[in-house]
Amino acid sequence: MARVLVLYSQPADPAAFDTYYHETHVPLAKKLPGLRGMNLSVAPPHALMGTAPYLVAELIFDTMAELQAALMSPEGQVTAGDVAKFAQAGVTILLLETSPAM
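Residues numbered from 1 in each chain as written. Predicted model: local features only at pLDDT ≥ 70, side-chain atom pairs only at ≥ 80, totals over all residues. Heavy atoms only, no water.

**Concerning the overall build of the protein chain**
Stage number 1. Scanning the protein chain for helices and strands turns up three helices and four strands.
Stage number 2. Counting from the amino terminus, the protein chain carries its helices and strands in the arrangement β-α-β-β-α-α-β.
Stage number 3. Projected onto its principal axes, the C-alpha coordinates of the protein chain cover approximately 35 × 35 × 20 Å.
Stage number 4. Within the span of the protein chain, comprising 102 residues, buried residues form 29% of the whole.
Stage number 5. Expressed as a percentage of contacts within the protein chain between residues at least 6 apart in sequence, the contacts between residues at least 24 apart total 75%.
Stage number 6. Counting only carbon and sulfur atoms, one obtains 61% of the accessible surface of the protein chain, whose full area is about 6,300 Å². (Helix = DSSP H or I, 4+ residues; strand = E, 2+ residues; numbered from the N terminus. Buried < 20%, exposed > 50% of the residue type's maximum accessible area, 1.4 Å probe, protein only. Contact = heavy atoms within 4.5 Å. Areas by Shrake-Rupley, 256 points an atom, 1.4 Å probe, with all protein chains shown as cover.)

Structure (structure tokens):
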């Protein structure tokens with residue numbers, strides 16, 4: 001499996017962030033080709049070390065090749081370009097391949 005983890009920093013206006021994120025950005029992300037699933041944190045995460053993000057999103061793909069193709073697609077370009085419209089506080093995006101731990 002391949003995953004995109006998106007860690008959004010604490011926004012200045014959480015209500016505006018949440019509205020835009022759920023009503024505009026999530027529908028864009030759901031159009032990514034090859035997307036198998038999406039998970040969103042339902043409450044602010046707690047950090048054991050460092051600073052906790054405001055929200056964490058996980059996008060799941062079958063392979064890294066499919067993930068990379070999705071990011072390069074027209075839908076991926078639109079989704080990536082949309083981030084600047086609501087995540088002014090900052091965002092960290094991680095790409096990773098995963099395997100079962102056991």
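Once the structure has been displayed, the description carries forward.
**Looking at the sheet that holds strand E2 (residues 37-40)**
Stage number 1. Read from one edge to the other, the open sheet built from four strands follows the order E2-E3-E1-E4, with strand pairing classed as antiparallel. Either end of the sheet is taken by a strand with one partner, and the two such strands are E2 and strand E4 (91-97). The average angle at which neighbouring strand axes cross in this sheet is 15 degrees, direction not considered.
Stage number 2. The sheet contact formed by strand E1 (residues 2-8) and E4 spans seven bridges and is antiparallel. The partner of Arg3 across the bridge, within E4, is Leu96.
Stage number 3. Contacting E1, E2 and strand E3 (55-61), helix H1 (residues 14-29) runs over the sheet at an angle of about 170 degrees to E2.
Stage number 4. Its contacts with the sheet place helix H2 (residues 64-72) against E1, E3 and E4, and it is angled at close to 145 degrees to E4. (Pairing = 2+ DSSP bridges. Axes fitted to C-alpha atoms, helices over the stretch in contact; angles between N-to-C directions.)

**Quick word on the nonpolar core**
Stage number 1. With 20 residues, the main nonpolar core has Tyr8, Tyr21, Ala57, Leu59, Phe61 and Phe86 as its most contacted residues.
Stage number 2. Taken together, the elements giving at least two residues each to this core come down to E1, H1, E3 and H2.
Stage number 3. With residues up to four places along the chain from it excluded, the contact list for Tyr8 reads Phe17, Tyr21, His25, Pro53, Tyr54, Leu55, Ala57, Phe86, Ala87, Gly90 and Val91. (Core = buried A, V, L, I, M, F, W, Y, C linked by side-chain atoms within 4.5 Å.)

**Section: H2**
Stage number 1. When we look at burial in H2, the residues that qualify are Met64, Leu67 and Ala70. Taken down its axis, H2 places every buried residue within 125 degrees of arc, on the same side. In H2, the exposed positions angled more than 90 degrees off the buried face are occupied by Ala65 and Met72.
Stage number 2. Packing partners of the buried residues in H2 comprise E1, E3, helix H3 (74-82) and E4. (Arc of directions from axis to C-beta.)

**Observations regarding the environment of Ala70**
Stage number 1. Inspection of the secondary structure puts Ala70 in helix H2.
Stage number 2. With a relative accessible area of 1%, Ala70 lands in the buried category.
Stage number 3. Sequence separation between Ala70 and Pro33 is 37 residues; the distance between their C-alpha atoms is 5.4 Å.
Stage number 4. Excluding residues that lie within four positions of it along the chain, Ala70 makes contacts with Leu32, Pro33, Phe61 and Gly76.

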